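So you can see what is in the structure, the chains are spelled out below.
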Amino acid sequence: MSKSKKEEDVRFGRFGTVSFTQTTKVNDFIDHLQRGKVMASQCKTCSETFFPPRADCCHCLSSDMQWREVAGSGTLVSYSRLQFAPIGFDADLPYSIALLDYGDFRVFGRIDSALAPDEIKIGMAMTTVVNELPNGQLNYIFKKI
Ligand SMILES: [Zn+2]
């Protein structure tokens, strides 16, 4: 891929409440989100799975990666209810960030704000789903199963 072509690939600008970068080596992540799928990347050499997706494997240094859907049930292993947020996220407060365990990989993200705080329990089953924000931006959230 030529450098100029790469610089025009700004798909990642559509990600998140505030997008900190428009160009990554994993811009296809956004295309998958638009199709309703949250994807991790998996190394074809050593099978390690990464979320957020990586274009290169930090275990065996291979760049031979494939997409793998973050599908089904994950287990809530940790969460925190935020009362303060980074600039750009303050209108969303309070919200809960969390970690879901999918067995051989984990996903960091935000819990569905429609879920009441007293319904959130460590060990509960949750799923990761695509979420479209009011301004058309895309992200993903954890929903109770
Ligand atoms: Zn690897």
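Position numbers for residues start from 1 in each chain and track the written sequence from start to end. Reporting of local features is limited, given that this is a predicted model, to residues whose pLDDT is at least 70; pairs of side-chain atoms are given and counted only at 80 or more, and all residues count toward the totals for whole chains, interfaces and linings. Side-chain figures throughout are based on the complete set of non-hydrogen atoms in the structure, without hydrogens or water.

Engineer: Looking at this structure, how should I read the packing of aromatic side chains?
Structural biologist: Each pair of aromatic rings is reported with the distance of its centres and the angle of its planes. Working definition: a ring pair exists when centres of Phe, Tyr or Trp rings (six-membered ring for Trp) sit within 6.5 Å. Plane angles under 30 degrees give stacked, over 60 give edge-to-face, the rest tilted. Evaluated as defined, the whole model comprises 8 aromatic pairs. Both rings, one in Phe12 and one in Phe15, keep their centres 5.4 Å apart while their planes meet at 40°; by these two values the pair is tilted. Note on exposure labels: buried denotes an accessible area under 20% of the residue type's maximum, exposed denotes more than 50%, and partly exposed covers the range between, all computed with a 1.4 Å probe on protein chains only. Overall, the relative accessible area of 13% leaves Phe12 in the buried class. Judged by centre distance (5.3 Å) and plane angle (85°), the ring pair of Phe51 and Tyr140 falls under edge-to-face. Placement of Phe51 in the loop between strand S2 (49-50) and strand S3 (65-69) and of Tyr140 in strand S8 (residues 138-144) is noted, with a sequence separation of 89 residues between them. A relative accessible area of 11% places Phe51 in the buried class. Strands here are runs of E lasting at least two residues and helices are runs of H or I lasting at least four, both read from the DSSP assignment and numbered beginning at the N terminus.

Engineer: How should the coordination of the zinc ion be read in this particular structure?
Structural biologist: For a metal bound by four donors in tetrahedral geometry, the ideal donor-metal-donor angle is 109.5 degrees, whereas six donors in octahedral geometry ideally sit at 90 or 180 degrees. Each metal's donors are the N, O and S atoms within 2.8 Å of it, or within 3.2 Å when it is Na, K or Ca, and because water is not part of the set, sites may look incomplete. Listed as protein donors to the zinc ion are Cys43 (SG), Cys46 (SG), Cys57 (SG) and Cys60 (SG); their distances from the metal cover 2.3 to 2.4 Å. Each of the 4 donor atoms around the zinc ion contributes to a set of angles spanning 101 to 118°, which defines the coordination as tetrahedral. Counting the intervening residues between successive donors of the zinc ion yields the motif C-x2-C-x10-C-x2-C. Of this pair, Cys46 sits in the loop between strand S1 (39-43) and S2 while Cys60 sits in the loop between S2 and S3; the two residues are 14 residues apart in sequence, bridging distant segments of the chain. Under the classification used here, a metal with four donors is tetrahedral if each angle lies between 85 and 135 degrees, square planar if opposite donors are over 155 degrees apart and the others between 65 and 115, a six-donor metal meeting that same test is octahedral, and anything else is irregular.

Engineer: Can you walk me through the pairing of strand S4 (residues 74-82) in this structure?
Structural biologist: Note on strand geometry: in a regular strand, side chains alternate between the two faces of the sheet. At least two DSSP bridges between two strands are needed for those strands to be called paired. As judged from the 2 bridges shared by S4 and strand S7 (residues 125-132), these two strands associate in the antiparallel manner. Its bridge partner lying in S7, Thr75 is registered against Ala125. Relative to strand S5 (residues 95-101), S4 runs antiparallel, the two being bridged by 7 bridges. Paired with Ser80 across the two strands is Ile97, which belongs to S5.

Engineer: How should I be thinking about the side chain of Ser96 in this particular structure?
Structural biologist: Of note, Ser96 is situated in strand S5. Residue Ser96 is classed as buried on the basis of its relative accessible area, which comes to 3%. Identification of polar contacts relies on pairs of N or O atoms within 3.5 Å, with a donor-acceptor requirement for protein atoms, meaning one able to donate a hydrogen and the other able to accept it, and with residues adjacent in sequence counted only if both atoms are side-chain atoms. In this structure the side chain of Ser96 is engaged in a polar contact, spanning 3.2 Å, whose partner is the side chain of Arg81. Only heavy atoms enter the contact rule, under which two residues are in contact if any of them lie within 4.5 Å. Those residues in contact with Ser96 that sit more than four places away from it in its chain are Ser80, Arg81, Gly109, Arg110, Ile111 and Ile120.

Engineer: When you look at the pairing of S7 in this model, what are you seeing that I'm missing?
Structural biologist: In terms of strand pairing, S7 meets S8 through 7 bridges, oriented antiparallel. Of the residues in S8, the one forming a bridge with Glu132 is Leu138. Taken together, S7 and the strand that follows it, S8, pair antiparallel across an intervening segment of 5 residues, in which Gly136 is found at a positive phi of about 90°.

Engineer: What's the story with the sheet that holds S1 in this structure? I'm lost.
Structural biologist: Within a sheet, adjacent strands bond to each other through the backbone by hydrogen bonds, running parallel or antiparallel. Reading across from one edge, S2-S1-S3 is the order of the 3 strands in this open sheet, with antiparallel pairing throughout. Strand pairing shows two members of the sheet lacking a second neighbour, S2 and S3, which therefore form its edges. Here 2 bridges tie S1 to S2, and the two strands are oriented antiparallel to one another. Bridge pairing in S2 links Ser41 to Phe50.

Engineer: What should I look at first to understand the environment of Thr127 in this one?
Structural biologist: Residue placement: Thr127 occurs in strand S7. Here Thr127 falls in the buried class, since its relative accessible area comes to 19%. On a C-alpha basis, the gap between Thr127 and Val70 in space is 8.6 Å, while along the polypeptide they are 57 residues apart. Ignoring anything within four residues of it in the chain, the contact list for Thr127 reads Gly72, Leu100, Tyr102, Ile141, Phe142, Lys143 and Ile145. One polar contact links the side chain of Thr127 to the main-chain carbonyl oxygen of Gly72, over a distance of 3.0 Å.

This is a description of form; function is not addressed.
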